[in-house]
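The lines below spell out each chain.
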Amino acid sequence: LMLRPHAEALGDAVLVGARTVLADDPSLLWRGRGGRGLRIVVDTRGVVPVDRRIFTDGQAGRTIVATTARCAAARRRAYEAAGAQVWVLPAGRGGRGVSLPRLMARAGEEGLLHILCEGGGELAASLARGGLVDDYVFFVAPSLLGGGALPVIGGEGWTMDDKPALCFTAVERVGRDVMIRAEPA
């Protein structure tokens, strides 16, 4: 997985989880030039209804739903009828979620080499834990969030002994924010 700033000018796809689509109903369409501008939704059980923007905005052909055999055949057919591609992939470790290594392999087979993860903390944590991130981009805003804010990286967290080590490669001011780029050490 390659996370890059200004990915809409470079990237092949935006990756989100089903929870992000359910909560935000995002468009995920590219605003810039270049790249393929595909949308990949990780939806293990087929919980995203076909009334969401990714299926109804006239660009459903740019949507890929990555799912497992736990997604009902009728739901898969509904996604395809809306115009989306459906990739049925093996489940991840312990039967949980979509196998992200297999998803990344399939994306690579399809020529999708630069993927921007815009998903939530759980998807980000799974990608990081799986060693599937080549380039991290963090934006720090001059704002504080309260105790109810969602974490950038979800899951149970890491201990000091098993945390992934990163190497900062760039720090840049972007408007009022600070962008920090890092890669696995």
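Residues numbered from 1 in each chain as written. Predicted model: local features only at pLDDT ≥ 70, side-chain atom pairs only at ≥ 80, totals over all residues. Heavy atoms only, no water.

K.L.:
Please explain the sheet that holds strand β5 (residues 115-117) as it appears in this structure.
P.N.:
The pairing of strands in a sheet happens through backbone hydrogen bonds and is either parallel or antiparallel. Pairing within the open sheet is parallel, and its five strands lie in the order β4-β3-β2-β1-β5. Each end of this open sheet is capped by a strand with a single partner; those strands are β4 (85-88) and β5. Pairs of neighbouring strands in the sheet enclose a mean axial angle of 25°, with direction left out of account. Across four bridges, strand β2 (residues 38-42) lies against strand β3 (residues 63-67) in parallel orientation. (Pairing = 2+ DSSP bridges. Helix = DSSP H or I, 4+ residues; strand = E, 2+ residues; numbered from the N terminus. Axes fitted to C-alpha atoms, helices over the stretch in contact; angles between N-to-C directions.)

K.L.:
What exactly am I supposed to notice about the pattern of salt bridges here?
P.N.:
Two side chains bearing opposite charge may form a pair once their charged atoms approach each other closely. Here the structure, examined in full by the defined rule, presents five salt bridges. For the salt bridge of Glu109 with Arg102, the shortest nitrogen-to-oxygen distance reads 3.3 Å. On the basis of relative accessibility, which here comes to 54%, the residue Glu109 falls in the exposed class. We classify Arg102 as partly exposed; its relative accessible area is 30%. The shortest N-O distance in the salt bridge between Asp135 and Arg181 comes to 2.2 Å. Of this pair, Asp135 sits in the loop between α5 (121-129) and β6 (136-140) while Arg181 sits in strand β8 (residues 177-184), and the two are 46 residues apart along the sequence. Exposure remark for Asp135: the relative accessible area of 5% places this residue in the buried category. (Salt bridge = Lys/Arg side-chain N within 4 Å of Asp/Glu carboxyl O. Buried < 20%, exposed > 50% of the residue type's maximum accessible area, 1.4 Å probe, protein only.)

K.L.:
Is there a simple way to think about a positive patch on the surface in this case?
P.N.:
The grouping of Arg19, Arg45, Arg70 and Arg96 at the surface amounts to a positive patch. Tracing the chain through its elements places Arg45 in the loop between β2 and α2 (53-56). Residue Arg45 is classed as partly exposed on the basis of its relative accessible area of 47%. (Patch = residues over 30% accessible without salt bridge, like charges linked within 9 Å, V, L, I, M, F, W, Y side chains within 5 Å. Areas by Shrake-Rupley, 256 points an atom, 1.4 Å probe, with all protein chains shown as cover. Lys, Arg positive; Asp, Glu negative; His and termini not counted. Charge placed at Lys NZ, Arg CZ, Asp CG, Glu CD.)

K.L.:
Would you mind showing me how to read a nonpolar patch on the surface here?
P.N.:
On the surface, a cluster of nonpolar side chains totalling about 240 Å² of accessible area is made up of Val140, Val171 and Val178. Along the chain, Val178 falls in strand β8.

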